[in-house]
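Tertiary structure, described
What follows is the residue order along each chain.
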Amino acid sequence: GRTESSTDIVNPATGSVVATAPVSSQADVDAAYGAAETAFAEWGRTTPSERQQALLKIADAIEEHADELIALESENTGKIQALTASEEIPPMVDQLRFFAGAARVLEGKAAGEYMKGHTSWIRREPIGVVGQVTPWNYPLQMAAWKVLPAIAAGNTIVLKPAEITPLTSVLFAEAFTEAGAPAGVVNVVTGTGPVAGAHLVGHPDVSMVSFTGSTGVGRRVMSVASETGKRVHLELGGKAPFVVFDDADLDAAIQGAVAGSLINSGQDC
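Right, let's walk through the structure included here. (Residues numbered from 1 in each chain as written. Predicted model: local features only at pLDDT ≥ 70, side-chain atom pairs only at ≥ 80, totals over all residues. Heavy atoms only, no water.)

Observations concerning helix α6 (residues 139-152)
An ideal rise of 1.5 Å per residue puts 20 Å on 14 residues; α6 measures up with 20 Å between its terminal C-alpha atoms. Across the 14 residues of α6, 12 count as buried, placing the element largely inside the fold. Residues of α6 that are buried: Pro139, Leu140, Gln141, Met142, Ala143, Ala144, Lys146, Val147, Leu148, Ala150, Ile151 and Ala152. (Helix = DSSP H or I, 4+ residues; strand = E, 2+ residues; numbered from the N terminus. Expected span 1.5 Å × (residues − 1). Buried < 20%, exposed > 50% of the residue type's maximum accessible area, 1.4 Å probe, protein only.)

Written as structure tokens, this is what we have:
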């Protein structure tokens, strides 16, 4: 069920309500962007070393909360705990430590002398506030893939998970706070696509938007973002065709088709 201010979060494996979540409004998105803008003034000027240390602490916090995150992800998505434990949490922790290292090796390129008496080069700087929308099939890992490189480079985030799978994204953001990241670096809003999502990607104060989901909505995101000249990152589509040629090993093809369509409780692209 859903009211104007909250929605029930259901475990699709059992049909039972496991939590309620706020339905974020446009005002909530505005407040999150305000917090992200304020935080960017500080976070965008941190040294690579400071960002590295924060990400390493967050990796430790995620490891400490691994059991809680696995149970919550399984409960919210209906997927198998064992697969989440083996295929999602360890790579996510590794990605945290990877981007902690990557924060220290951002480089520009020498670009040659294009005007007499001047030197040209590329300087890497954070973009600013990034609005991000994630899908329902890998809520925690998708949040990590979007958030980690962006904050490693010095940006701040407003993240909107799919309204039916917000639980681990909220816990993920709390891990940042626990690890000592400044308030406002990672913000989560839990509303619907037509209200919170549309306002998030069209907001005048955001410098970039990133969306993973359907092709139709992705085109709409690109269109809305173009009105204010935002940078856009899209990952679109869903199930792909599975082509089996005449000379294929049919047993291997069958195994591949089953794994490709049904792994992760079928919640896979």
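Next comes the rest of the write-up.
Quick look at a nonpolar patch on the surface
A surface patch of nonpolar side chains, amounting to about 580 Å² of accessible area, comprises Phe242, Val244, Leu250, Ile254, Val258 and Leu262. We classify Leu262 as exposed; its relative accessible area is 55%. (Patch = residues over 30% accessible without salt bridge, like charges linked within 9 Å, V, L, I, M, F, W, Y side chains within 5 Å. Areas by Shrake-Rupley, 256 points an atom, 1.4 Å probe, with all protein chains shown as cover. Salt bridge = Lys/Arg side-chain N within 4 Å of Asp/Glu carboxyl O.)

Observations concerning the pairing of strand β1 (residues 6-10)
The two faces of β1 differ: Thr7 and Ile9 on one face are buried, but Ser6, Asp8 and Val10 on the other face are not. Both β1 and strand β2 (residues 17-22) contribute to a ladder of five bridges, which runs antiparallel. Looking at the pairing, Val10 lines up with Val17 of β2. Between the end of β1 and the start of β2, which pair antiparallel, lie six residues, with Gly15 showing a positive phi angle near 80°. (Pairing = 2+ DSSP bridges.)

Notes on the nonpolar core
Counting residues in hydrophobic clusters, the biggest one holds 38 residues, and the most contacted among them are Ile62, Ile151, Phe172 and Phe176. Going through the elements one at a time, α1 (26-43), α2 (48-64), α3 (66-77), α5 (89-102), α6, β4 (156-160) and α7 (167-178) are the ones with two or more residues in this core. Here the element with the most residues in this core is α6; it accounts for eight residues. Here Ile151 is in contact with Trp43, Arg51, Leu55, Ile157, Phe176, Val185 and Val186, once residues within four sequence places are set aside. Core analysis: the next-biggest nonpolar cluster, separate from the first, contains 17 residues, Val29, Val129, Val158 and Ala225 among them. (Core = buried A, V, L, I, M, F, W, Y, C linked by side-chain atoms within 4.5 Å. Contact = heavy atoms within 4.5 Å.)

Quick notes on the packing of aromatic side chains
We describe a pair of aromatic rings using the distance from one ring centre to the other and the angle between the two ring planes. Taken as a whole and assessed by the stated rule, the structure comprises two aromatic pairs. Pairing Phe98 with Phe99 gives two aromatic rings, centres 5.1 Å apart and planes at 85°, and the pair type is edge-to-face. Here the aromatic rings of Phe172 and Phe176 are separated by 5.0 Å at their centres, their planes lie at 85°, and the arrangement is edge-to-face. Of this pair, Phe172 and Phe176 both sit in helix α7, four residues apart, which is roughly one turn of that helix. Taken individually, Phe172 and Phe176 each receive the classification buried, so the pair is uniform in this respect. (Phe/Tyr/Trp six-rings, centres within 6.5 Å; stacked < 30°, edge-to-face > 60°.)

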